[in-house]
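Summary of structural features
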Amino acid sequence: MNRLLSMIFVGVFAAFTVMSVAQDAPRKVFRGYSGGMMLHAGYLFGGNADAPCKPQGATYGIGGALRVNLLEHLRIGGEGYVSTMPSSFTDCHDVLRKGSYVRNGWGGFLADAYWRFDKAWPYVGATIGGGAVRSLFLLDGHQDDWQPETSAVLNKQSYFCVAPFVGCDYLLTPRVHLTFKLDWVIAVHGNHLVAPTGPRFYFGFLFCH
């Protein structure tokens, strides 16, 4: 998590640096900036062959993004998110006890191309960065007591990731946009893909200048 926060900080710092430099450039280059928070929900599947089970199911979380608008169609910046798939949302709820989860935290640098059509601004792009997935599988016992759990598995795996996305901003006002986005985080650790993986749908508000 500390690594994730550091990556988000570096991304935001870089975006503000580009923004401050761009403000000194001709106005046709710098087109403003935007940022805000987004909620997301998705569906993940697959799993490590060595894990006691391979949960698949719904995930949810929160995060945010900051973008600098350059030229006519380019935006760059940074984003970061945390996403949790609790055992109650998976097909392994009969194997895993309450308190089990798969939690992802990731962030990085983003770039997208966008087009302005009156109140709708569709966009497509990708984020490059990294993160970590933490899995806690309680196979016996209960999270609500203070007794040692005799059968539990805790695993943490860091990764490099690329997350292609497509979305659309809807202009409520020139300074407040409602945004929708669909992405898929493709994570790699060593020479293998990290699972579970799957699509996530995001929505939130962006404040623009």
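Keep in mind that what you see is a predicted model, and the values were worked out from it rather than measured.

With respect to unusual backbone geometry
Between A195 and P196 the backbone carries a cis peptide bond, its omega angle lying at 10°. Looking at the element boundaries, P196 is found in the loop between strand 9 (192-193) and strand 10 (199-208). Even without being glycine, L71 reaches a positive phi, approximately 55°. With respect to the helices, strands and loops of the structure, L71 is situated in the loop between strand 2 (57-70) and strand 3 (74-86). For D118, which is not glycine, the phi dihedral falls at a positive 55°. As for its placement among the helices and strands, D118 is situated in the loop between strand 4 (101-114) and strand 5 (120-138).

Topic: the pattern of salt bridges
Evaluated as defined, the whole model comprises five salt bridges. A salt bridge links D169 to R75, with the shortest nitrogen-to-oxygen separation between them at 3.2 Å. A residue pair is termed long-range when its members are at least 10 positions apart, and D169 in strand 6 (residues 152-173) and R75 in strand 3 qualify at 94 residues. Residues D169 and R75 agree in their burial class; the two are buried. E79 is paired through a salt bridge with K181; the nearest N and O atoms lie 3.0 Å apart. Pair noted here: E79 is in strand 3 and K181 is in strand 7 (residues 176-184), with a separation of 102 residues, a long-range link. Looking at E79, the relative accessible area reads 5%, which means it is buried. Through salt bridges with shared partners, one network takes in R67, R75, D112 and D169.

Some words on the nonpolar core
Across soluble globular proteins, you tend to see nonpolar side chains buried next to one another. Counting residues in each nonpolar core, the largest one holds 20 residues, and the members touching the most others are Y81, W106, Y159 and C161. Contributions of two or more residues to this core are made by strand 1 (30-44), strand 3, strand 4, strand 5 and strand 6. Membership of the second largest hydrophobic core comes to five residues, among which are Y114, W121, Y123 and L171.

Focus: the confidence of the model for the protein
For the protein, the mean per-residue pLDDT works out to 86, and 87% of the residues sit at or above 70. Per-element averaging of pLDDT across the protein places helix 1 (residues 2-23) at the bottom with 48 and strand 7 at the top with 97. For the stretch residues 8-23, pLDDT sits under 50, and the model shows 21 contacts to residues farther than four places along the chain or on other chains.

Describing the side chain of H177
Mapping H177 onto the fold places it in strand 7. Residues contacting H177, with those up to four places away along its chain left out, are W121, D169, Y170, L171, L172, G204, F205, L206 and C208.

Comments concerning the packing of aromatic side chains
Counting across every chain of the model gives seven aromatic pairs. Residues Y81 and W106 carry aromatic rings whose centres are separated by 5.7 Å and whose planes lie at 35° to one another, so their mutual orientation is tilted. Pair noted here: Y81 is in strand 3 and W106 is in strand 4, with a separation of 25 residues, a long-range link. Relative to F165, the ring of Y123 lies with its centre 6.1 Å away and its plane at 70°, an arrangement referred to as edge-to-face. Of this pair, Y123 sits in strand 5 while F165 sits in strand 6, placing them 42 residues apart in sequence. For Y123, a relative accessible area of 2% gives the class buried. Here a set of aromatic residues connected by ring pairs shows up, and it is made of Y81, W106 and Y202. The ring centre of Y123 lies 4.8 Å from the NZ or CZ of R75, which sits over that ring. Here the guanidinium or amino end of R103 rests over the ring plane of Y101, the centre of that ring lying 4.3 Å away.

Analysis parameters
Per-chain numbering applies: the sequence of each chain, read as written, is numbered from 1 onward. Only residues with pLDDT of 70 or above have their local features reported here, since the model is predicted, and side-chain atom pairs are shown and tallied only from 80 upward, although totals for entire chains, interfaces and linings are computed over all residues. The side-chain quantities take in all heavy atoms of the structure and omit both hydrogens and water. Counting from the N terminus, the helices are the DSSP runs of H or I reaching at least four residues and the strands are the DSSP runs of E reaching at least two. Just to be clear on terms, a salt bridge is a Lys or Arg side-chain nitrogen sitting within 4 Å of an Asp or Glu carboxyl oxygen. Type-normalised accessible area, obtained with a 1.4 Å probe on protein chains alone, sets the label of each residue: buried when under 20%, exposed when over 50%, and partly exposed for intermediate values. Residues belong to a common nonpolar core when they are buried Ala, Val, Leu, Ile, Met, Phe, Trp, Tyr or Cys residues joined through side-chain atoms within 4.5 Å. You can read pLDDT as the predictor saying how much it trusts each residue, on a scale of 0 to 100. Residue contacts are defined here by distance: any two heavy atoms, one from each residue, within 4.5 Å place the two residues in contact. Aromatic pairs are defined between Phe, Tyr and Trp rings, using the six-membered ring for Trp, whenever the two ring centres lie within 6.5 Å; interplanar angles under 30 degrees are classed as stacked, those over 60 as edge-to-face, and all others as tilted. The criterion is that NZ of a Lys, or CZ of an Arg, lies within 6 Å of the ring centre and within 35 degrees of the ring normal, and then a charge sits over that ring.

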